[in-house]
Amino acid sequence: EPVSPGIIIPDDYKGYHPDFFCTPKLYQGSLECVLLPGGVVRDRIEKLAQDIAEDIGNEPIFALCVLKGGYKFFTDLIDHIKKYNHYATRNTIRISVDFIRLKSYKDDAAAGQVQIIGKEDLSVLTGQNVLIVEDVIDTGRTMKELLTLVKSYHVKSAKVASLLVKRTKGNFYRPDYCGFEVPDKFVVGYAIDYNEYFRDLDHVCVINEHGKKRFST
Ligand code: 5GP
């Protein structure tokens, strides 16, 4: 059972018209809607950090960021856990960080096997309480494979925080901590990309057909 199951955004939710928010000129005309304004995303992350800190208690955390899409969620989350630490009367939770990169997407389609790049030696995880921090869970395949890999290093515990989980048909995987459960649409923004574009967009948005074409490889 997830500790934080996430705010449910229903399938018929229309979001906000992009013109109501500041977005880079480059992306104007390429967005179907603003699904989650940046402020809402940040406020939700603050609460996730509190849930995680309370759930983990006095144990040290080894936070593993899944790059690149997870980097903003990761820094926001860790900053809030740190802040929570500063105000706590109990002992400080020690937080270590590390980074991995996975490659599986081209355009908006999953491309075969999950591949870890940028870090071959995961033996630093042995004996740690690992918190995997990911941007989006879609079919759940990536996370299941990554969890199997992480657990093979004899970690003390392995938990998963994902900013978004899509209600994709056939995905029954749910992370321990989830920001939002969203419809099965391709999302961008808040460091989440489409062919390396849209990472510099502050809000989580749904890309439209024009945008998919314009920024395809
Ligand atoms: P899964 O294995 O769960 O199907 O896919 C998860 C991976 O695909 C994650 O690493 C995530 O970055 C990427 N992904 C899934 N859905 C989206 C999406 O809507 N937008 C982007 N940019 N990436 C996605």
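Criteria and cut-off values
- Residue positions are counted from 1 within each chain, in the order its sequence is given.
- Per-residue local features of the predicted model are confined to residues with pLDDT of at least 70, and side-chain atom pairs are confined, for both listing and counting, to 80 or more; whole-chain, interface and lining totals are unaffected and use all residues.
- The basis for every side-chain value is the complete set of heavy atoms in the structure, and neither hydrogens nor water enter the calculation.
- Take the buried residues of types Ala, Val, Leu, Ile, Met, Phe, Trp, Tyr and Cys, join any two whose side-chain atoms come within 4.5 Å, and each joined set is a nonpolar core.
- Here the term buried applies to any residue with accessible area under 20% of the maximum for its type, exposed to any over 50%, and partly exposed to those in between, with areas from a 1.4 Å probe on protein chains only.
- Elements are defined by DSSP. Helices are runs of H or I of four residues or more, strands are runs of E of two residues or more, and each kind is numbered from the N terminus.
- The contact criterion used is simple: two residues touch if any of their non-hydrogen atoms lie within 4.5 Å.
- One number per residue, pLDDT, summarises how confident the predictor is, and it ranges from 0 to 100.
- Note on aromatic contacts: the rings of Phe and Tyr and the six-membered ring of Trp form a pair at centre separations within 6.5 Å, being stacked when their planes are under 30 degrees apart, edge-to-face when over 60 apart, and tilted otherwise.

Observations regarding the nonpolar core
General note: in soluble globular proteins, nonpolar side chains tend to be found buried as a group.
Here's step 1: Core analysis: the largest hydrophobic core is formed by 34 residues, its most contacted members being Leu36, Ile52, Leu77 and Leu164.
Here's step 2: For this core, the elements supplying multiple residues, two or more each, are strand 2 (31–36), helix 1 (38–56), strand 3 (61–67), helix 2 (71–87), strand 6 (129–137), strand 7 (157–166), strand 8 (177–182) and strand 10 (204–207).
Here's step 3: For this core, the leading source of residues is helix 1, giving seven residues.
Here's step 4: Leu164 has contacts with Leu36, Asp135, Val136, Ile137, Phe180, Val182, Val187, Ile192 and Val204, leaving out every residue within four places of it along the chain.
Here's step 5: Counting 20 residues, the second largest nonpolar core, distinct from the first, contains Leu125, Val130, Met143 and Ala158.

Quick look at the confidence of the model for the protein
Interpreting fine coordinate detail is not advised for predicted regions of low pLDDT.
Here's step 1: Considering every residue of the protein, the mean pLDDT works out to 91; 94% of them sit at 70 or more.
Here's step 2: Scoring the predicted complex yields pTM 0.93 and, for the interface, ipTM 0.96.

Thoughts on the packing of aromatic side chains
Here's step 1: Counted by the stated rule, this structure contains seven aromatic pairs.
Here's step 2: Judged by centre distance (5.5 Å) and plane angle (75°), the ring pair of Tyr16 and Phe21 falls under edge-to-face.
Here's step 3: With a relative accessible area of 37%, Tyr16 lands in the partly exposed category.
Here's step 4: Ring geometry for Phe186 and Tyr194: centres 5.6 Å apart, planes at 75°, overall edge-to-face. Of the two residues examined, Phe186 and Tyr194, each falls in the buried class.
Here's step 5: By the ring-pair criterion, three or more aromatic residues cluster together here, those being Tyr27, Tyr197, Phe198 and Phe215.

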